[in-house]
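Given next are the chains, with one letter for each unit.
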Amino acid sequence: MIHVVLCDDHAVLRRGIRDTLVESPDITVTAEAGSYPELREALRTAACDVLLLDLNLPGRSGLEVLASLRDTHPQIRVLIVSMYPEDQYALRAIRAGAQGYANKASDPLQLITAVHTVMQGRKYLTPEVAQLLADSLAQPTAELPHEQLSERELQTLVKIASGRRLSDIAEELMLSPKTVSVYRARVLEKLKLSNNAELTVYAIRNQLV
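Given the structure is predicted, the values throughout are model-derived calculations rather than measurements.

Caption draft 1: Focus on empty space enclosed by the protein. Under the defined criterion, the tally for this structure stands at one cavity of 30 Å³ or more. Lining the largest cavity are Leu-6, Cys-7, Asp-8, Ile-17, Leu-52, Leu-53, Asp-54, Val-81 and Lys-104.

Put into C-alpha cells, the structure is as follows:
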C-alpha cells in the first residue's frame, strides 16, 4: 500500500485529488493539510511515502516547504501539484529536490501514474517538463533576471503583475504588508525596475502572467 499525504490550501481541490487517488486500490490517503504547520503536525502521526504538495501555500511557499522536508523527512517522495505552468516552476521544483511536477489542469488520472512512478524511485516528468529539462541541458542559456529571484520574490512579482494590491498579497501569503513591501523593493532592485507598471510589463514580456 502506498501512503499519500495531501498538502493544498484549497479543501475542494484536495477532495478532488483524494477521490481520484483512491480509485487505485494500492493507494491510501493518510492525511491532509492546508498549510506547513498542519503538514508538520500530520507527519508526526501519519504514514507518508508520497507527499502531493501545492506550491501556493499560505505563510511558506511550496518550494520552501520542500527544502524543509529535505532535512526533516528525506525519505518522503515529493510530487509537486500546481496550477502554475510548467515553464514557470517545474524545473525549479525538480532542481530543488521534488521527484515530479504535475499540473492540476491535466488529466486527474495522471496523478495515479505520477504517484506510482515516484514510488518506484523514478522522476515523474510530463512530456512538457521533460522537453524543458532536455532543452536546459542541451542549450544552456543566460539566466534571465527573474530567475535570480527567491521563491517569495517571484510570487510577489507575479501577484503584483496580476493586479493584486500589497495588502491583498500579504493576506494571501500570510505575511505582514511590511514584509511584502520588502519583497517588492528587492524585486525592483534585482530587475532594475522602478514601479509596478514596469513590473507588470516585465512579467507579461517574460510570460509570467
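More follows now that the structure is in view.
Caption draft 2: Region of the structure containing the nonpolar core. Residues Leu-39, Leu-51, Leu-53 and Leu-157 are the most contacted members of the largest nonpolar core, which totals 46 residues. When residues in this core are grouped by element, the largest group, five residues, is from helix 7 (residues 151–161). Setting aside residues no more than four positions away along its own chain, Leu-53 makes contact with Cys-7, Gly-62, Val-65, Leu-66, Val-78, Leu-79, Ile-80 and Val-81. Counting 18 residues, the second largest nonpolar core, distinct from the first, contains Val-29, Ala-102, Ala-114 and Val-118.

Caption draft 3: Here's a closer look at the environment of Gln-148. Relative to the helices and strands, Gln-148 resides in the loop between helix 6 (127–138) and helix 7. Each C-alpha atom of the pair Gln-148 and Ser-68 lies 20 Å from the other, and the pair is 80 residues apart in sequence. Leaving out residues up to four positions away in the same chain, Gln-148 has contacts with Glu-143 and Lys-190.

Caption draft 4: Focus on the layout of surface pockets. Considered as a void within the structure, the second largest pocket measures approximately 160 Å³ in volume. Considered class by class, the residues forming the lining of the second largest pocket number four nonpolar, three polar and four charged.

Caption draft 5: Looking closely at the pairing of strand 3 (residues 50–53). Judged by which residues are buried, strand 3 turns out to be covered on both faces: Val-50 and Leu-52 on one side and Leu-51 and Leu-53 on the other are all buried. With four bridges joining them, strand 1 (residues 2–7) and strand 3 adopt parallel strand pairing. What sits directly across from Cys-7, in strand 3, is Leu-53. Across four bridges, strand 3 lies against strand 4 (residues 77–82) in parallel orientation. Pairing of Val-50 across the sheet is with Arg-77, part of strand 4.

Caption draft 6: Structural detail: the packing of helix 2 (residues 36–43) against helix 3 (residues 62–72). For the pair helix 2 and helix 3, interaxial distance at closest approach is 11 Å and the crossing angle is 30 degrees. One way to sum up the angle between helix 2 and helix 3 is to call them roughly parallel. Along this stretch, helix 2 crosses helix 3, giving a crossing that reads as right-handed. Taken together, the residues of helix 3 that come into contact with helix 2 (itself represented by Tyr-36, Leu-39 and Leu-43) are Val-65, Ser-68 and Leu-69. By residue class, the composition of the contact of helix 2 with helix 3 is five nonpolar, one polar and no charged.

The rules we used
As a convention, each chain's residues are numbered from 1 in the sequence order in which they are written. Since the coordinates come from a predicted model, pLDDT governs what is reported: local features require at least 70, and pairs of side-chain atoms require 80 or more to be given and counted, while whole-chain, interface and lining totals use all residues. Side-chain metrics in this entry use all non-hydrogen atoms of the structure; hydrogen atoms and water are not considered. In this analysis the probe radius is 1.4 Å and the grid spacing 1 Å, with only protein atoms considered; a cavity is a set of points the probe fits into but cannot get out of, a pocket is an open set with protein on both sides within 12 Å along at least five of seven lines, and lining residues have an atom within 4 Å of a point. Grid points are joined across faces, edges and corners, and a volume is the space filled by probe spheres set on the points. Buried Ala, Val, Leu, Ile, Met, Phe, Trp, Tyr and Cys residues form a nonpolar core when they are joined through side-chain atoms within 4.5 Å. Three exposure classes are used, based on accessible area relative to the maximum for each residue type with a 1.4 Å probe and protein chains only: buried under 20%, partly exposed in between, and exposed over 50%. Secondary structure elements follow DSSP: runs of H or I of four or more residues count as helices, runs of E of two or more count as strands, with numbering from the N terminus. Any two residues whose heavy atoms approach within 4.5 Å at even a single point are treated as in contact. Gly is placed with the polar residues, together with every amino acid not listed as nonpolar (Ala, Val, Leu, Ile, Met, Phe, Trp, Tyr, Cys and Pro) or charged (Asp, Glu, Lys and Arg). Two strands pair if DSSP finds at least two bridges between them. Lines fitted to the C-alpha atoms define the axes, with helices restricted to the stretch that makes contact. Angles between their N-to-C directions range from 0 to 180 degrees. Our angle categories are set so that under 35 degrees counts as roughly parallel, over 145 as roughly antiparallel, 65 to 115 as roughly perpendicular, and the remainder as oblique. Handedness of each helix crossing follows the sense of rotation of the near helix against the far helix: counterclockwise by less than a right angle gives left-handed, clockwise gives right-handed.

None of the figures reported here should be taken as evidence of function without further support.
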